[in-house]
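# Secondary and tertiary structure notes
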Amino acid sequence: MNITPNLRSTADYQAMDAAHHWHPFTDTGELNAKGARVITTASGCWLTDSDGNRLLDAMAGLWCVNVGYGRDEIVEAVARQMRALPYYNTFFHTTHPAAAEFAAALAEVAPSHINRVFFTNSGSEANDTVFRLARVYWDCIGKPSKKVFIARQNAYHGSTVAAASLGGMDAMHKQSGLPIEGIHHIGQPYWFGEGREMDPAEFGLKRARELEAEIDRLGEDKVCAFIAEPIQGAGGVIIPPATYWPEIQRICTARDILLVADEVICGFGRTGNWWGSESFAITPDLMPIAKGMTSGYVPMGGVLISDRVAGPVIDKGGEFTHGYTYSGHPAACAAGLATLRIMREERLVERVRGDTAPYLAAKWEALGDHPLVGEARIRGLIGALELVRDKTTMERFPDEGAAGARCRDLALAQGLVIRATRDTLIISPPLVISREECDLLVERTGKALDQLADELTREGALG
Ligand SMILES: *Cc1c(COP(=O)(O)O)cnc(C)c1O
C-alpha cells in the first residue's frame, strides 16, 4: 500500500511552491527555474521524495533529527500533551507539567554548574536572548559598562537581528547593514582554510589570543561576553585545534568576561558527549540550544543558564523583560522530553562515542586519500571534506563553491543528502545511524568524488 501523503503531482507542488512559498536562504528566481525537491515521508535515516526516491539523510534534516525520523514515541507524547493542554503560556506566574518536567530533565543532562533553562522557539531566539541576558547580568553585578560582545568571523548564530550580528557571515551582514552596534568579530580557528603554513597547535593559540588582543583594544571594562560554537557548523564544520578552547577558557576567566558556547548543533550528543563544551573541556556561562533539543519534531530552543549568571539576575534584576508567547510550549516540551527519553534508553550518546563515531571516523578519514580531498575531519558525528584542485599544493578551485555544489548534487543523484559550504562537503547524520548506513554514506560520497574527478579531468580543470 502506498501511504505517502502526496495527493498531487510533484509538478503541482512545485508550481504552488514557486507561486506562494518564499524559502529561507534561497535565491528564489534560481529555485523557481528548476522547482523544489518535495520530501513526503521519512523513517530512520531515510527520506522519501514525491517521485518515490529514497535518500540517506546524512544531514539529519538541518543538523537536528538526532533520534531519526518516524519515532512514534515522540508523536504519541506530543499527541497526548496536545489533548491534555495544547497551549498555555508561562508568563504571569504560571507553569504547566510539561515545562516543569522538561526544565528539570534538561538541568539533569546539563553540566553540573547549569541548572536553569529559558525557553525559546529557535536557536536564533536563543542567541537574541543571550544578547539581552548577558548584558543584564553585568548590570546586576554593578558593572553596567560591560556591554560589548566578541564573536567570530564565519560563525553562525541564527537569522534574527542580534543573532545574525553575532554571526560572522559577510553575506548576511552586507544585505541589511549588520552587525548592530556593540558586536566585534575576531578570526576563526580554521586551520585548513587559514593557517596551513603554521603548526595546528600554534595556529590554535594564535587565533585564541586574538580574543585577548580584542579585549585589550576594547577595554576589559567594556566587554560583556565571547560567543562561539564549539565546532562551527554552518561555517563548514570547523573543528578547532586542541590548543584553541583551553586558551579561550583561560582568557575568559582571567579577563572576567562571560563565555557563551552556542550548542545549537554540538549539543545533545553530536560530538560524542552530551555537550560540545564537554568534548572541549570548557565551562560556559551560557549555552544556547535548539536543533537536537526536540530532534526537530516541534520547533524549540532555549538558553541553559549557569548558576553564576542566574544568581545575581534573580537576586537583583527584578523582572527580566523578555519572553515569547510560545516560550515553553507544551507540545515542544513533550517532544523534548520524549527525545531525551529515547536518548537515555537507547544510550545514544554512548553509542555514538563508543561505536558509530569511531567506526565512521575510520572510513571518513580514509576519504582523505582521494585526489580531490585536501583534508577529511570528523568529531563525533559531524564531519567535513575539503575539496582541492591540486592535492600536492592544496590549491583550491578558482570558482569557489562550484566543485562543492557539483559533488553534493552527484551524491544526491545516488541517494545521499550531504551539504556543501563553499568547497567544503559536510555531514551531520542522525545519531541513530547504523554501521551499515555509515558504510553507505562513505561509499556514496566516494562515488560522488570519483565522478566529479572524472568530469573535471575531462573538462581539463584539474591541471
Ligand atoms: C541553526 C543554528 C542557529 C539558529 O537556530 P534556528 O533554530 O535556525 O534559529 C544558531 N546557532 C547555531 C550554531 C546554529 O547552527
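All figures in this text were calculated on a predicted structure; none of them were measured in a lab. Every chain's residues receive numbers from 1 upward, in the order its sequence appears when written. It should be noted that, the model being predicted, local features are given only for residues of pLDDT at least 70 and side-chain atom pairs only at 80 or more, the latter also being counted only at that level, while totals for whole chains, interfaces and linings use all residues. Excluding hydrogens and water, the side-chain figures rest on all heavy atoms present in the structure.

## Here's the deal with the environment of Asp 307
Take Asp 307: it is sitting in helix 13 (residues 307-316). A simple rule labels every residue: compare its accessible area, found with a 1.4 Å probe on the protein chains alone, to the largest value its type can have, and call it buried under 20%, exposed over 50%, or partly exposed in between. In this structure Asp 307 comes out as partly exposed when scored by relative accessible area, which is 37%. Taking the C-alpha atoms as reference points, Asp 307 and Ala 151, separated by 156 residues in sequence, lie 23 Å from one another. Contacts are assigned to residue pairs with any non-hydrogen atoms lying within 4.5 Å of each other. Every residue in contact with Asp 307, bar those within four places of it in the chain, is listed here: Ser 112, His 113, Asn 115, Arg 116 and Pro 312. There is a polar contact of 3.1 Å between the side chain of Asp 307 and the side chain of Asn 115. Each helix is a run of DSSP H or I of at least 4 residues and each strand a run of E of at least 2, with the numbering of both proceeding from the N terminus. Within 3.5 Å is the distance limit for a polar contact, defined as a pair of N or O atoms, with the added protein rule that one can donate a hydrogen and the other accept it, and that residues adjacent in sequence qualify only through two side-chain atoms.

## Remarks on the side chain of Thr 421
Tracing the chain through its elements places Thr 421 in strand 14 (residues 419-421). If we ignore the near neighbours within four places in the chain, the residues touching Thr 421 are Ala 234, Gly 235, Gly 236 and Ile 426.

## Here we look at the sheet that holds strand 13 (residues 416-417)
Only when DSSP finds a minimum of two bridges between them are two strands counted as paired. If you walk across this open sheet you meet the 4 strands as 1-2-3-13, and the pairing is mixed. One side of each edge strand has no neighbouring strand; the edge strands of this open sheet are strand 1 (39-43) and strand 13. Alignment of strand 3 (residues 54-57) against strand 13, held across 2 bridges, turns out to be parallel. Note that in strand 13 the partner of Leu 56 across the bridge is Leu 416. For every element, the axis is a line fit to its C-alpha atoms; helices are fit only across the contacting stretch, and the angle between N-to-C directions ranges from 0 to 180 degrees. Against the sheet, helix 17 (residues 435-458) contacts strand 2 (46-49), strand 3 and strand 13, and its axis sits at roughly 100 degrees relative to strand 3.

## Regarding the domain arrangement of the chain
How large an interface is tends to be reported as the accessible area lost when its parts come together. Each domain's extent was defined by an automatic or database domain assignment. Under the domain assignment, the chain is made up of domain 1 (73-345) and domain 2 (349-397 + 405-452). The gap between the C-alpha centroids of domain 1 and domain 2 is 27 Å. Contacts between the two partners involve 25 residues from domain 1 and, on the opposite side, 27 residues from domain 2. Two parts placed together each lose some accessible area; with a 1.4 Å probe, that loss summed over both constitutes the buried area. Across the domain 1/domain 2 interface, buried area totals approximately 2000 Å², and carbon plus sulfur atoms make up 57% of it. Sorting the residues of domain 1 by area buried against domain 2 places Phe 192, Val 237 and Arg 270 first, and these three jointly supply 35% of that buried surface. The term salt bridge refers to a pairing of a side-chain nitrogen on Lys or Arg with a carboxyl oxygen on Asp or Glu at a separation within 4 Å. Here domain 1 and domain 2 share 0 salt bridges between them. Here domain 1 is connected to domain 2 by 12 residue pairs in polar contact (both at pLDDT 80 or more). Take the side of domain 1 that touches domain 2: its biggest share by element is 3 residues, from helix 9 (residues 191-194). The classification used treats Ala, Val, Leu, Ile, Met, Phe, Trp, Tyr, Cys and Pro as nonpolar, Asp, Glu, Lys and Arg as charged, and all other residues, Gly among them, as polar. Here the residues of the side of domain 1 that touches domain 2 sort into 13 nonpolar, 10 polar and 2 charged.

## Here we look at the pattern of salt bridges
By the definition in use, this model includes 28 salt bridges. Measuring nitrogen to oxygen at the nearest pair gives 2.8 Å for the salt bridge that ties Glu 386 to Arg 396. Within this pair, whereas Glu 386 is found in strand 12 (residues 382-387), its partner Arg 396 is found in the loop between strand 12 and helix 16 (402-413), the two being separated by 10 residues in sequence. Glu 386 gets classed as buried once you look at its relative accessible area, which sits at 0%. The structure contains a network of salt bridges with shared partners spanning Arg 209, Glu 212, Asp 216, Glu 220, Glu 247, Arg 250 and Arg 255.

## Side note on the packing of helix 16 against helix 17
The interhelical angle for the contact between helix 16 and helix 17, taken along N-to-C directions, is 130 degrees, at an axis separation of 8 Å. When the axes of helix 16 and helix 17 are compared, the pair comes out oblique. You can see that helix 16 and helix 17 cross each other, and the crossing is right-handed. For the pair helix 16 and helix 17, the contacting residues are Ala 403, Arg 406, Cys 407, Leu 410 and Ala 411 in the first and Ala 448, Leu 449, Gln 451, Leu 452, Glu 455 and Leu 456 in the second. Each angle gets one of four labels, with under 35 degrees taken as roughly parallel, over 145 as roughly antiparallel, 65 to 115 as roughly perpendicular, and the rest as oblique. Definitions for this section: a left-handed crossing has its near helix turned counterclockwise from the far helix by less than a right angle. A right-handed crossing has that turn clockwise.

## Description of helix 6 (residues 123-140)
Residue count minus one, scaled by 1.5 Å, sets the expected span of a helix. When the terminal C-alpha atoms of helix 6 are compared, their 25 Å separation across 18 residues agrees well with the 26 Å that a helix rising 1.5 Å per residue should span. Most of helix 6 sits inside the fold, with 14 of its 18 residues counted as buried. At the N-terminal boundary of helix 6, the capping side chain belongs to Ser 122, with an oxygen 3.4 Å from the backbone nitrogen of Ser 124. Positive phi appears at Gly 142, one or two residues downstream of helix 6, with a value of about 80 degrees.

## Overview of the site of the ligand
All residues in the neighbourhood of the ligand are listed as Ser 122, Gly 123, Ser 124, Asn 127, Tyr 156, His 157, Gly 158, Glu 229, Asp 262, Val 264, Ile 265 and Lys 291. Between the ligand and Tyr 156 there is a distance of 3.4 Å, counted from a nitrogen atom to a backbone nitrogen or oxygen. Between the ligand and Asp 262 there is a distance of 2.7 Å, counted from a nitrogen atom to a side-chain nitrogen or oxygen. For accessible areas, the Shrake-Rupley method is used with a probe of radius 1.4 Å. Any residue's cover is judged against the shown protein chains and nothing else. In the complex, 83% of the free accessible area of the ligand, which totals 380 Å², lies under the protein chains. Partitioning the shell around the ligand into residue classes produces 3 nonpolar, 6 polar and 3 charged. One heavy atom suffices: a residue is near a molecule or strand as soon as one of its heavy atoms comes within 4 Å of it.

## Remarks on the sheet that holds strand 12
Strand pairing within a sheet occurs via backbone hydrogen bonds; the two strands may be parallel or antiparallel. Spatially, 11-12-15-14 is the arrangement adopted by the 4 strands of the open sheet, whose pairing is antiparallel. Each edge of the sheet is formed by a strand with only one pairing partner; in this case those strands are strand 11 (373-379) and strand 14. Neighbouring strand axes in the sheet, compared pairwise and without regard to direction, differ in orientation by 20 degrees on average. Relative to strand 15 (residues 424-427), strand 14 runs antiparallel, the two being bridged by 3 bridges. Residue pairing across strands places Arg 419 opposite Ile 426, the latter belonging to strand 15.

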